[in-house]
Amino acid sequence: MKKITKRLCVAVSVLSVAAGSMAVNVPIVAPAGITWAADSQSVNVNGVEWKYSVSSDKSLCAVALKNTYGELPAQVTVPSEVNGIKVTAVAAYAFAYCSNIESVVIPDSVTIIGSSAFRGCTDLKSVELSENVKEIQQYAFEECSNLEEISLGNEIEKIGKYAFYGCNSLESVTIPQKVTVIDEETFGGCTSMKSVTFPEGLQSIGEFAFYNSELSTEIPEGTFDVASNAFSDKSDVKYKSGCHIEDGVLVGVEAGITDLVIPEGVTEIKKYVFYNN
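Numbering of residues begins from 1 in every chain and follows the order in which that chain's sequence is written. Given that this is a predicted model, residues contribute local features only at a pLDDT of at least 70 and side-chain atom pairs are listed and counted only at 80 or more, while totals for whole chains, interfaces and linings are drawn from all residues. Hydrogens and water molecules were not included; the side-chain quantities draw on all heavy atoms of the structure.

Re the sheet that holds strand 9 (residues 89–90)
Next up, step 1: The pairing criterion is simple: DSSP has to find at least two bridges between the two strands. The helix count covers DSSP runs of H or I at least four residues long, the strand count covers runs of E at least two residues long, and both are numbered beginning at the N terminus. If you walk across this open sheet you meet the seven strands as 3-4-5-9-11-13-15, and the pairing is mixed. A strand with exactly one partner marks an edge of an open sheet, and here the two such strands are strand 3 (41–45) and strand 15 (158–159).
Next up, step 2: Note that strand 9 and strand 11 (residues 112–113) share two bridges and pair parallel. When the sheet's bridge partners are listed, Val90 is paired in strand 11 with Ile113.

A few points about the side chain of Thr217
Next up, step 1: Locating Thr217 in the fold gives a position in strand 20 (residues 216–219).
Next up, step 2: At 2.8 Å, the side chain of Thr217 and the backbone oxygen of Val196 are in polar contact.
Next up, step 3: Residue contacts are defined here by distance: any two heavy atoms, one from each residue, within 4.5 Å place the two residues in contact. Filtering out sequence-adjacent residues up to four positions away, Thr217 remains in contact with Val196, Phe198, Phe231, Asp236, Val237 and Lys238. Polar contact criterion, stated in full: a pair of N or O atoms within 3.5 Å, where within protein one must be able to donate a hydrogen and the other to accept it, and residues adjacent in sequence count only if both atoms are side-chain atoms.

Digging into the packing of aromatic side chains
Next up, step 1: In this analysis, rings of Phe, Tyr and Trp, with Trp reduced to its six-membered ring, are considered paired at centre separations within 6.5 Å, and the interplanar angle assigns stacked below 30 degrees, edge-to-face beyond 60, and tilted for intermediate values. Tallied over the entire structure, the rule returns eleven aromatic pairs.
Next up, step 2: Here Phe141 and Phe164 contribute two aromatic rings whose centre-to-centre distance is 5.1 Å and whose plane-to-plane angle is 5 degrees, an arrangement assigned as stacked. You can see Phe141 sitting in the loop between strand 13 (135–136) and strand 14 (149–150) and its partner Phe164 sitting in the loop between strand 15 and strand 16 (172–174), a full 23 residues away along the chain. The same class applies to Phe141 and to Phe164, which are both buried.
Next up, step 3: Centre to centre, the rings of Phe164 and Phe187 are 5.2 Å apart; their planes meet at 0 degrees, and the pair counts as stacked. With a gap of 23 residues between them, Phe164 in the loop between strand 15 and strand 16 and Phe187 in the loop between strand 17 (181–182) and strand 18 (195–197) connect regions that are remote in the sequence. Here Phe164 and Phe187 have matching classes, each one buried. Each residue is assigned to one of three classes by its accessible area relative to the maximum for its type, calculated with a 1.4 Å probe on protein chains only: buried under 20%, partly exposed between the two thresholds, exposed over 50%.

Concerning the side chain of Ser109
Next up, step 1: Locating Ser109 in the fold gives a position in the loop between strand 10 (103–105) and strand 11.
Next up, step 2: Since its relative accessible area comes to 14%, Ser109 is described here as buried.
Next up, step 3: Here the side chain of Ser109 touches Val87 through a polar contact of 2.7 Å, landing on its backbone oxygen.
Next up, step 4: Excluding its chain neighbours within four sequence positions, the residues that come into contact with Ser109 are Ser80, Lys86, Val87, Thr88 and Ser130.

Looking at the sheet that holds strand 6 (residues 75–77)
Next up, step 1: With parallel pairing, the four strands of this open sheet are ordered in space as 6-10-12-14. In this open sheet, the two strands that pair with only one neighbour each are strand 6 and strand 14.
Next up, step 2: Alignment of strand 6 against strand 10, held across three bridges, turns out to be parallel. Its bridge partner being in strand 10, Gln75 is matched across the sheet by Ser103.

Right under this line is the structure:
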């Protein structure tokens, strides 16, 4: 029930989706002070029909497929401009549930990937992200079960919760240096995930962030908060000095812990950390 409730809230508050088509009402969660023009417009680029919306101050232009059903190409390139306006965002639900799309190229003009932009694209295997992307919003690639690899550019500062939840084919990821927070369940349910490289400036890892993954990784020195159950299933996690280990962070590790070294810099270990091991 918890997950269903969240999905309904997102669908209602961010975008109206009906009969397989998408209507861009609020194209992305925009920065403070940015509002969207009332009407979206349509355009054909290289044989693909798109909808786009422009912010009132013309600083943002978000695009989405006009229809997310019917005959769609397996390989899609997001346009870098529409009608002379630079595309800066992939809209919320832009490709949601387009099950036949296998690869997407996102141009360097794009800086934001909207909420649920590629959610449920079960055939999607590769995404060529813009080097200038700064934000991947919540649920952006949720349930992309065949996504095998994605290169996160160095300019990314924020990755939203559930952004890669259920990406079962994703085996490794490098978190960009500018990311300081990994939100709740960002990579939850990524059952094939084997390795993660964390940035040195990482400050916190949210609840269930890598839940149900068989990771072998090392938490960087100075990561202050590792939330409860962040690595609760079959993971081999090494903590460097300066870490603050939250309640229950190792609860339920099915294989059991046979060897654990706690470095001198760890200042606090809270309750239930080793429960059931």
